[in-house]
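In case you want the letters, here they are:
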Amino acid sequence: MCISKFPGFERVFSLGVAESRKHFTAALEIDAGDVSGVLRGELEKGVTIARWHVGGERPDAIVATDCVVLLLLSSALVDALATHEITGWSTFPVELAGRRGEPMGAFYGLVVRGRCGAIDLKRSDPFRKPMPVGTMGYRRGLYFEPESWDGADIFMAPEKGFIFVTERARGVIAALAKTATFTPLTEVETPDLDDL
């Protein structure tokens, strides 16, 4: 079930995982050059091996990886997304091992199939962000042409690694994944590449 009308940038979220050395993070056995293609569904992936990398003993329903943009989902979260007819995603199977090599149950790599158009950073708000050695230029907000969105609940732009979710998808993920983070697109901060 795709949504027909774009809900507004304040009601679409960038999906992430809370940064903490306490959270279970996995190392994926995947070539660095394949990561973007796998995430976008342009490169099919069979069973992938993943192992505990850092953090806690038990994985959450959503797991960060050393590939940063690739996320792992528990079978319970995959089932919930399917049950609630969340659109724009698929998965590939992952064999996840814990700190001592023990199997951690069924997990899957998230593939994002939903799309929107290119991010237009000129529409975002520039600001100076304090850093340990001065300030750095940043931009607040990720915007694209609303008409370019394909209506999927989970989607991404062609050139960035951000995973976007609608309020529907956020509700399903948040109900199971305690470490998931959701930043409204109006509040996402990115370095201003013109300032580097």
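What comes next is a walk through the structure. This one's a predicted model, so the numbers in the text were calculated from it and none came from an experiment.

1. Overview of the pattern of salt bridges
Should their charged atoms come close, side chains of opposite charge can pair.
Point 1. Under the criterion given, the structure shown has ten salt bridges.
Point 2. In this structure, Arg-123 engages Glu-145 in a salt bridge whose closest nitrogen and oxygen atoms are separated by 3.8 Å. Here Arg-123, found in the loop between strand E8 (114-115) and strand E9 (125-131), pairs with Glu-145, found in the loop between strand E10 (134-140) and strand E11 (154-156); they are 22 residues apart in sequence, far enough to count as distant.
Point 3. What makes Arg-123 partly exposed here is its relative accessible area of 37%.
Point 4. Judged by relative accessible area, which is 46%, Glu-145 ranks as partly exposed.

2. A short note on empty space enclosed by the protein
Point 1. Within the structure shown, the criterion is met by one cavity of 30 Å³ or more.
Point 2. Of the residues assigned to the lining of the largest cavity, the class counts are eight nonpolar, no polar and no charged.

3. Let's talk about the sheet that holds strand E12 (residues 163-166)
Point 1. If you trace the five strands from one edge of the open sheet to the other, you get E8-E11-E12-E1-E13, paired in mixed fashion. Either end of the sheet is taken by a strand with one partner, and the two such strands are E8 and strand E13 (180-184).
Point 2. Set on the sheet, helix H3 (residues 167-176) makes contact with strand E1 (12-17), E11, E12 and E13; between it and E12 the angle comes to about 95°.

4. Section: H3
Point 1. Burial in H3 covers these residues: Ala-169, Val-172 and Ile-173. Down the axis of H3, the buried side of the element spans an arc of 90°, and every buried residue falls inside it.
Point 2. Contact partners of the buried residues in H3: E1, helix H2 (75-83), E11, E12 and E13.

5. Some thoughts on the sheet that holds E10
Point 1. Strand order in the open sheet formed by three strands is E9-E10-E14, and the pairing between neighbours is antiparallel. Taken across any chain shown, the strands that pair with only one partner, and hence form the sheet edges, are E9 and strand E14 (189-191). Taking each pair of neighbouring strands and ignoring which way they run, the sheet shows an average axis angle of 45°.
Point 2. Examined bridge by bridge, E10 and E14 share three bridges and lie antiparallel to one another.

6. Description of the environment of Ile-119
Point 1. Inspection of the secondary structure puts Ile-119 in the loop between E8 and E9.
Point 2. By relative accessible area, Ile-119 is classed as buried at 11%.
Point 3. Residues Ile-119 and Phe-182, 63 residues apart in the sequence, show an inter-C-alpha distance of 18 Å.

7. Some details on the side chain of Ser-124
Point 1. With respect to the helices and strands, the residue Ser-124 is situated in the loop between E8 and E9.
Point 2. A residue is classified by how much of its surface remains accessible, and Ser-124, at 3% relative accessible area, is buried.
Point 3. Here the side chain of Ser-124 touches Leu-121 through a polar contact of 2.6 Å, landing on its backbone oxygen.
Point 4. Setting aside chain neighbours within four positions, we find Ser-124 in contact with Arg-139, Arg-140, Gly-141 and Tyr-143.

8. A look at the packing of aromatic side chains
Ring pairs (aromatic) are described by centroid distance and by the angle formed between their planes.
Point 1. Using the criterion set out here, one finds eleven aromatic pairs in the structure.
Point 2. Measuring from ring centre to ring centre gives 5.0 Å for Phe-9 and Tyr-143, while their planes differ by 75°; the resulting arrangement is edge-to-face. You can see Phe-9 sitting in the segment before E1 and its partner Tyr-143 sitting in the loop between E10 and E11, a full 134 residues away along the chain. Each member of the pair, Phe-9 together with Tyr-143, is buried.
Point 3. Residues Phe-127 and Tyr-138 carry aromatic rings whose centres are separated by 6.0 Å and whose planes lie at 45° to one another, so their mutual orientation is tilted. Of the two residues, Phe-127 sits in strand E9 while Tyr-138 sits in strand E10, which places them eleven residues apart along the sequence.
Point 4. Judged by its relative accessible area of 12%, Tyr-138 falls in the buried class.
Point 5. Grouped by ring-pair contacts, the aromatic residues Phe-6, Phe-9, Tyr-143, Phe-144, Trp-149, Phe-155, Phe-162 and Phe-164 constitute a single cluster.

9. Looking at H2
The periodicity of an α-helix, 3.6 residues per turn, causes residues three or four places apart in sequence to face the same way.
Point 1. Residues of H2 that are buried include every one of Leu-77, Val-78, Ala-80 and Leu-81, and no others. Buried residues along H2 cover an arc of 160° about the axis, so they all sit on one side. Structural note: H2 exposes Asp-79 and Thr-83 on the side pointing more than 90 degrees away from its buried face.
Point 2. Glu-85 occupies a position one or two residues after H2 and carries a positive phi of about 55°.

How each quantity is defined
- Residue positions are counted from 1 within each chain, in the order its sequence is given.
- Totals for whole chains, interfaces and linings use all residues, but because this is a predicted model, local features are given only for residues with pLDDT of at least 70 and pairs of side-chain atoms are given and counted only at 80 or more.
- Water and hydrogen atoms were dropped before computing side-chain values, which therefore reflect all heavy atoms in the structure.
- A pairing counts as a salt bridge when a side-chain nitrogen of Lys or Arg comes within 4 Å of a carboxyl oxygen of Asp or Glu.
- Runs of H or I in DSSP of at least four residues are treated as helices and runs of E of at least two as strands, each being numbered from the N terminus.
- Each residue is assigned to one of three classes by its accessible area relative to the maximum for its type, calculated with a 1.4 Å probe on protein chains only: buried under 20%, partly exposed between the two thresholds, exposed over 50%.
- Definitions used for this entry: grid spacing 1 Å over protein atoms alone; cavity, a set of points where a 1.4 Å probe fits but cannot get out; pocket, an open set with protein on both sides within 12 Å along at least 5 of 7 lines; lining residue, one with an atom within 4 Å of a point.
- Grid points are joined across faces, edges and corners, and a volume is the space filled by probe spheres set on the points.
- Under the scheme applied here, ten amino acids are nonpolar (Ala, Val, Leu, Ile, Met, Phe, Trp, Tyr, Cys and Pro), four are charged (Asp, Glu, Lys and Arg), and all others, including Gly, are polar.
- Paired strands, as defined in this entry, are two strands with at least two bridges between them according to DSSP.
- We call two residues contacting when some pair of their heavy atoms lies within 4.5 Å.
- Note on definitions: angles span 0 to 180 degrees between N-to-C directions of axes, and those axes are lines fitted to C-alpha atoms, for helices only across the stretch in contact.
- The directions considered for the arc run from the helix axis to the C-beta atoms.
- Within 3.5 Å is the distance limit for a polar contact, defined as a pair of N or O atoms, with the added protein rule that one can donate a hydrogen and the other accept it, and that residues adjacent in sequence qualify only through two side-chain atoms.
- Aromatic rings from Phe, Tyr and Trp, taking only the six-membered ring of Trp, are treated as a pair when their centres fall within 6.5 Å; an angle between ring planes under 30 degrees marks them as stacked, one over 60 as edge-to-face, and anything in between as tilted.

Geometric descriptors of this kind do not, in isolation, establish any biological role.
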